[in-house]
Amino acid sequence: DAMVIQNPRYQVTQFGKPVTLSCSQTLNHNVMYWYQQKSSQAPKLLFHYYDKDFNNEADTPDNFQSRRPNTSFCFLDIRSPGLGDAAMYLCATSSRDRLYNEQFFGPGTRLTVL
Amino acid sequence: QKEVEQNSGPLSVPEGAIASLNCTYSDRGSQSFFWYRQYSGKSPELIMFIYSNGDKEDGRFTAQLNKASQYVSLLIRDSQPSDSATYLCAVNRPYSSASKIIFGSGTRLSIRP
């Protein structure tokens, strides 16, 4: 089945210790997104790639970086995690070839910062 | 004013009844509207999308859109305990280079047996 996969599902890191989250997709979608979602809040878009074009949201902290080495994979790097970065990180994909560009989410990575 | 507003709930509905979830949005240029279901600790799952004024039905779910009033709703008929979840309304951000959507904070729905 075509899907969006995120690894790991749970990540524990220490304050200030870099962490990388990964996302892969078999949908062959050209757009990939990273969202941060905290408890009882809306998912907040951090950035997205349209093919190789990177688009950062204006309020995304510099502490967050992303890489997309190919169509299938996308990574979220948190350079120096703080306690406030503990959240669920969601990867989503969409295709500009679909008329309404609906987004499909992976299962998420729950990040804990100690 | 938030771009996408939802009542946070919880909305409690008896099993078998109709659950009605509402959402308003601020940008008249928005053209695509989505409803996602999110179980606690899980990721959002797309259940409906709508783009034309009126109703769109899919099984027990009906999405309703009124662009003049900037209002979109989701009706769930014959509510089941498995429908207990947070429902996120999402609206496309017009004029963006890619398909960006803005989420509301969600309405928590509880179906009581």
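The structure we're discussing is the one just above.
Residues numbered from 1 in each chain as written. Chains lettered and ligands numbered in written order. Predicted model: local features only at pLDDT ≥ 70, side-chain atom pairs only at ≥ 80, totals over all residues. Heavy atoms only, no water.

Enquirer: Can you explain the environment of B:S79? Please cite residues and give values.
Expert: Residues and elements named next belong to chain B. Tracing the sequence through the fold places S79 in the loop between β8 (71-76) and β9 (85-92). Excluding its chain neighbours within four sequence positions, the residues that come into contact with S79 are V13, P14, E15, G16, A17, I18, A19, R60 and I111. At 2.8 Å, the side chain of S79 forms a polar contact with the backbone oxygen of A17. (Helix = DSSP H or I, 4+ residues; strand = E, 2+ residues; numbered from the N terminus. Contact = heavy atoms within 4.5 Å. Polar contact = N/O pair within 3.5 Å; in protein donor to acceptor, adjacent residues only side chain to side chain.)

Enquirer: Help me get a handle on the sheet that holds strand β1 (residues 4-7) of chain A, residues and values and all.
Expert: Residues and elements named next belong to chain A. The strand order across the open sheet built from 4 strands is β1-β3-β8-β7, with neighbouring strands paired in antiparallel fashion. Only two strands of the sheet have a single partner each, and these edge strands are β1 and β7 (64-67). Here the average twist between neighbouring strands, direction ignored, is 20°. Of the strand pairs in this sheet, β1 and strand β3 (residues 19-25) are connected by 4 bridges, and their pairing is antiparallel. Of the residues in β3, the one forming a bridge with N7 is S22. (Pairing = 2+ DSSP bridges. Axes fitted to C-alpha atoms, helices over the stretch in contact; angles between N-to-C directions.)

Enquirer: Describe in detail the sheet that holds strand β6 (residues 54-58) of chain B, supporting the description with residues and values.
Expert: Residue and element names in this part refer to chain B. The 5 strands are arranged β1-β3-β8-β7-β6 in an open sheet whose pairing can be described as antiparallel. In this open sheet, the two strands that pair with only one neighbour each are β1 (4-5) and β6. Across 5 bridges, β6 lies against strand β7 (residues 61-66) in antiparallel orientation. Along β7, the bridge assignment pairs K56 with A63.

Everything listed is a geometric property; what it means functionally is a separate question.
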